[in-house]
Each structure stands twice: as structure tokens, then as C-alpha cells.
Amino acid sequence: MALRLALVIAGAACLIEPRPAHGQSITAEAALTGGYSTDDVMAAATQLRVFGDVKGGIRFFGEAAWAGRSLSDLDHESDSFNAAYPYTNRVQIIEAYGERLFRPHDALVGVRGGRFRPPFGIYNASDHAYSGFLRAPLVRYEEYSLLSNNQLEQGADLVVGIPRFTVEAALGAPGDVGEVVRRSGLDTVVRAQGYYGPLIAGVSYMRTQPSQTAPVTDEHNHVTGVDLRWTHAGVQLRGEWVSGHPFGTGTSIGWYADAIVHRTIMGPVTAVLRVERLDFQDVESGSDEYLSRQTIGARVNLGGGIALQVNALHQSGDEDYPPLAFDVAVTWSVRKP
Amino acid sequence: MVWLEAPNAPRPNPRPDAPRVVLDQRNLSFSPHVLVVRVGTTVDFPNNDRVFHNVFSFRDGKRFDLGMYPVGAMRRVLFDQTGLSRIFCNIHPNMAAYVMTVDSPYFARSDESGAFTIAAVPAGTHTYHAWRPGAVSELTGTWTSGTLEVAWP
């Protein structure tokens, strides 16, 4: 079907000039993903996002997702495709919030209310989904319940500072969307972030509720993290170190370092590389476990909104996870302004 | 977007009060998605999002890498050569925009219905160019008067 564009030439008037963009029209975005992993997993997922500006400088963002996986062995565990969305086989609201930014002089004040990812470390969905990695970092895998990309807060968030240095605080109740759900209560997240040249550094702290399946404890979970990012000429290096007490008497310490490389010479290919490790110690039970993983992969833009992602992994430390795994996924995304 | 060739059109002198041309970053996307500017135009790239962005253009047109900068900060780019610049964010691979730089004062971007209006076009026969995201190449032709309809194959 041919798309017709009508060009009307007027005889007299002033010249049309591009104008500043004061707001963003409401935009809808959809993504469909299908994937296979040698972890005995087939997966399918879809996300629908709607975002834009409304009156008074207020903007909104809403996202719903459905994702499901099939495993022939139901006792088998795998975190494949869990990069940023839960595979719970039901439709869920992920984020839904309104926000407003203020710019008094050179300062920055932002308020957000609704349902959002806790501002801890490198937390934005786009930093984990469709960046070339098909699994979340181990320190953000919900089975360990320390910190998860499936955790959400329902409350308010405030960021203040100057562009070079900001402090952000969020207060809310857990609204998790994964298989591991935290108990009800009040969460507090505080994050400080600064940058110098191409380097971004942040420190984060979260006081939150233990998961519903954790041993009974009156204590909260306390999670502390440090994150670094550096980018230059198509190379992005990232890292997070996270420590906390996910189960009261247990301690998790984990880190990852990865690289996302997209140079001009690589055309549609983005290369990714990650090394990571997670240690879990429980003084009460005497357990001392770890999981280590190395990932190499690529994201290939095939055109037409279609992207191919492949990951090859080597992992050790947990017998439930095979030492080698290969994940592949195809995502088609479309945007309608 | 559509523009008319105008090799002899005078270049305007930059005015300090001229309206700024902005390619905004918010909600992990560029706004607008498509921008057409005249060669010599400086485009503002403010970060009005809640995360860092690293805007770059490596392939065609104007090549630049603005580095990583946070919410509240702004970078500027002078588009001093004609052609299509594909704009991306190094941190967020789903972000993309296009800046078409043309050597003509007669250009416009379509509205939602696909209609353009270009004003103050001198009489005569003009060569037009049309482009849209996803198009392999530009459409070209000539126009003299009346309404022009451009049909994409």
C-alpha cells in the first residue's frame, strides 16, 4: 500500500522553521520476543509501553508485559531471558508513574509518583533488556532475593542536586512482579550519583522487606551497592558491586563487570561481554555457596525493528546450572507516535 | 520530510534571538523522531530524561559523540554538512532519531496526516526530495505549481 504525502506549496507567508520541542507527544511502543536456550527453555514475551507529556509539564510512563517460558523438566532452574522482565505467564503492569522535573536556576528537582523500579545501582530496564544480554546479572537475579530487576516500588521518588551530582530517595511499598515477592511494608532507597567526564559513579542503599518465602525474621533486608560506568566512542564499560542480607542470617556479595561495544566498523553488530560472581553465606546453616559466570554475546540489528541476540555462557558453582549454555532470541519492536 | 533544491538561496546570518532547534531526550527516546534542518543550524540536545544518555552519530552525515551526560545537562551540535545523520544513544540501543540536513530554506516535516506546507517558494520549476524513516533512498522529482503528492513504492 502506498503512503501518500501531500506537499502544499503556499504563495506567500514566512518561511517555516523547526521549532523547539516543548513536549513529547504520546507514544506507544510494542516489543515481541521469542527465544530458545540450551537450558531447556523456550520463551516468548511481549511488552507494551505508552509514554508522553500531559499538561503542566507532567509526563507519564506506563508499561505492561507478558512473558512465559516452557521447560520440559519443571524442577529445572534457569534464569535465561530474565534480563528485565518476569516470566510468570501472566500480564502484569511493570511501571506506571507520573513525574515532573523542575529546573530552579542550575539545580535539578524531580518528583515521581506511582509504580517504578527502585533507584538502586544501574537499574533502568533499558540498561538490561535488549542491550545484548539475555540474562540479568547474577546480583539482580530474583532467586537470590537480594536485588532483582523484578522488584518494583509503589510510592514516591525525589531527586535533587545539580546535573553533575544528584541525590535520589524513594519511599514505597513492594510491588514485585516476579516469582519472588517481598513482604508488605515500607521500603527506603537512597542513591547518590555523580559524573566526571566519561565516568559515572553511584552508591546506593536500600532498606526493604524480606521475601515472603524467607525464614521468619523481624529484620529488614539491607542492601548496599556501588556502580561505575564509563563510555567512549561506542564502548561502554559497566560494573556493579552489591552486598546485603537477603534472608536475615544470610549474606550475599556479588559483582559484575561487562562491556557493550558498538563501533562504526561493526555495522549492525553490538558485542557484549560480562564476567560476574555471586557468593552466598549463611552463618546459621553453615552454607557457603557461589555462582560464577562468564558471558559473551552479540546483538544484531537486522532492520525493520528486528534484533537478534545471542549469548554463550560458561558457569560454575551451582550444580543446578549446566556449565555451558547458549541463548538466542529475536525481538521485533515497533513504535507509533 | 520534503525539501526543494535551492542552490542559489542566500544563507541567513545567525540571529541570537532565533528559535532554538531541539532534539529532546525523554522517556528513553528522542523527540522528535525526525528532524530536518538547514545546513549551518545548531541543534540542542538536552537530556530531560531521568537517566544518563550518550548521543552519537557515527555512520553518515554529521559524525559526533557527545559523551555521557546527565539529566539537566545539554550538548549542542553544529550540522555543517548536508546529508542524513542517524542519531543513537550509546547506552540505550532502542533510542534512534534522524536529522536530515539540507542546503535549502524550503523544507518541511509532515504532520500526522502526512501534509506539508512550505511557504514563500519562488515561482519556477523546482527539484524536490522526499525521505522518510525506513526508506532505502530519497525520492526525487520536479514540481512547478499546485499540490504535490509523493507516493512511496
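Structure shown above.
## Side note on the nonpolar core
Then comes step 1: Core analysis: the largest hydrophobic core is formed by 26 residues, its most contacted members being B:Met1, B:Trp3, B:Met100 and B:Trp131.
Then comes step 2: Breaking this core down by element, the ones donating at least two residues are strand E1 (2–4), strand E5 (34–38), strand E11 (96–102), strand E12 (107–108), strand E13 (115–118), strand E14 (126–130) and strand E16 (147–151) of chain B.
Then comes step 3: If we ignore the near neighbours within four places in the chain, the residues touching B:Met100 are B:Met1, B:Trp3, B:Leu35, B:Val36, B:Val37, B:Gly83, B:Leu84, B:Trp131 and B:Glu138.
Then comes step 4: Counting residues in hydrophobic clusters, the runner-up holds 24 residues, among them A:Ile200, B:Tyr69, B:Phe79 and B:Met95.

## Some thoughts on the packing of aromatic side chains
Then comes step 1: Enumeration according to the criterion identifies ten aromatic pairs over all chains in this entry.
Then comes step 2: Between A:Phe61 and A:Tyr97, the ring centres sit 5.6 Å apart and the planes meet at 25°, which makes this aromatic pair stacked. Of this pair, A:Phe61 sits in strand E4 (residues 59–70) while A:Tyr97 sits in strand E5 (residues 92–102), and the two are 36 residues apart along the sequence. For the pair A:Phe61 and A:Tyr97, a shared accessibility class is recorded, and that class is buried.
Then comes step 3: With a centroid separation of 4.7 Å and 45° between ring planes, the pair formed by B:Phe56 and B:Phe58 is classed as tilted. The residues B:Phe56 and B:Phe58 share a single accessibility class, namely buried.
Then comes step 4: An aromatic cluster of at least three residues, connected via ring pairs, comprises A:Phe51, A:Phe61 and A:Tyr97.
Then comes step 5: Here A:Arg117 stacks its cationic end above the ring of A:Tyr85, 5.7 Å away from the centre of that ring.
Then comes step 6: Sitting over the face of the ring of A:Tyr256, A:Arg274 holds its NZ or CZ atom 5.1 Å from the ring centroid.

## With respect to the sheet that holds E11(B)
All names here are of chain B.
Then comes step 1: Overall, mixed pairing links the five strands, which are arranged E5-E11-E10-E7-E8 in an open sheet. Edge positions in the sheet fall to E5 and strand E8 (64–69), since each of these pairs with one other strand and no more. Within this sheet the neighbouring strands show an average axis-to-axis angle of 20°, counted without direction.
Then comes step 2: Strand direction decides the pairing type here: strand E10 (residues 83–89) and E11, joined by six bridges, are antiparallel.

## Looking at the pairing of strand E6 (residues 108–116) of chain A
All names here are of chain A.
Then comes step 1: Inspection of the sheet shows E5 paired to E6 by seven bridges, in the antiparallel sense. Across the sheet, the residue bridging to Glu99 is Arg112, located in E6.
Then comes step 2: Between E5 and the antiparallel strand that follows it, E6, lie five residues; His105 among them carries a positive phi value of about 55°.
Then comes step 3: The pairing of E6 with strand E7 (residues 153–162) spans nine bridges and is classified as antiparallel. When the bridges of E7 are listed, Val111 appears paired with Leu158.

## Considering the pattern of salt bridges
Then comes step 1: For the structure shown, the criterion picks out 27 salt bridges over all chains.
Then comes step 2: Ionic pairing is found between A:Asp157 and B:Arg50, a salt bridge with its closest N-O pair at 2.6 Å. Of this pair, A:Asp157 sits in strand E7 while B:Arg50 sits in the loop between strand E6 (41–46) and strand E7 (53–57), which puts the two residues in different chains. Each member of the pair A:Asp157 and B:Arg50 is classed as buried.
Then comes step 3: A salt bridge links B:Asp44 to B:Arg20, with the nearest nitrogen and oxygen atoms 3.0 Å apart.

## Some words on the interface of chain A and chain B
Then comes step 1: Listed per partner, the contact involves 63 residues of chain A and 55 residues of chain B.
Then comes step 2: Interface area, chain A with chain B, both sides summed: about 5300 Å², of which 54% is carbon and sulfur.
Then comes step 3: Linking chain A with chain B are four salt bridges.
Then comes step 4: Among the salt bridges present, the one from B:Arg50 reaches A:Glu99, with a minimum N-O distance of 3.1 Å.

## What to know about unusual backbone geometry
Then comes step 1: Here the residue pair B:Ser31 and B:Pro32 is connected by a cis peptide bond, since its omega of 5° sits within 30 degrees of zero.
Then comes step 2: Considering the arrangement of structural elements, one finds B:Pro32 in the loop between strand E4 (29–31) and E5.
Then comes step 3: Backbone geometry at A:Asp40 places phi at a positive 70°, although glycine is not the residue there.
Then comes step 4: If you trace the backbone, A:Asp40 turns up in the loop between strand E2 (27–37) and strand E3 (41–53).
Then comes step 5: Residue A:Asp40 is classed as partly exposed on the basis of its relative accessible area, which comes to 31%.
Then comes step 6: You will see that B:Ala120, though not glycine, has its phi angle at about 60°, which is positive.

## So, the side chain of B:Ser57
Residues and elements named next belong to chain B.
Then comes step 1: By the element assignment, Ser57 lies in strand E7.
Then comes step 2: Of the residues examined, Ser57 reaches a relative accessible area of 0% and is grouped as buried.
Then comes step 3: A polar side-chain atom of Ser57 sits 3.4 Å from the main-chain carbonyl oxygen of Arg86.
Then comes step 4: Ignoring anything within four residues of it in the chain, the contact list for Ser57 reads Lys62, Arg63, Phe64, Ser85, Arg86 and Ile87.

Conventions we followed
- Residues numbered from 1 in each chain as written.
- Chains lettered and ligands numbered in written order.
- Predicted model: local features only at pLDDT ≥ 70, side-chain atom pairs only at ≥ 80, totals over all residues.
- Heavy atoms only, no water.
- Core = buried A, V, L, I, M, F, W, Y, C linked by side-chain atoms within 4.5 Å.
- Buried < 20%, exposed > 50% of the residue type's maximum accessible area, 1.4 Å probe, protein only.
- Helix = DSSP H or I, 4+ residues; strand = E, 2+ residues; numbered from the N terminus.
- Contact = heavy atoms within 4.5 Å.
- Phe/Tyr/Trp six-rings, centres within 6.5 Å; stacked < 30°, edge-to-face > 60°.
- Lys NZ or Arg CZ within 6 Å of the ring centre and 35° of its normal.
- Pairing = 2+ DSSP bridges.
- Axes fitted to C-alpha atoms, helices over the stretch in contact; angles between N-to-C directions.
- Salt bridge = Lys/Arg side-chain N within 4 Å of Asp/Glu carboxyl O.
- Buried area = accessible area lost by both parts, 1.4 Å probe.
- Polar contact = N/O pair within 3.5 Å; in protein donor to acceptor, adjacent residues only side chain to side chain.

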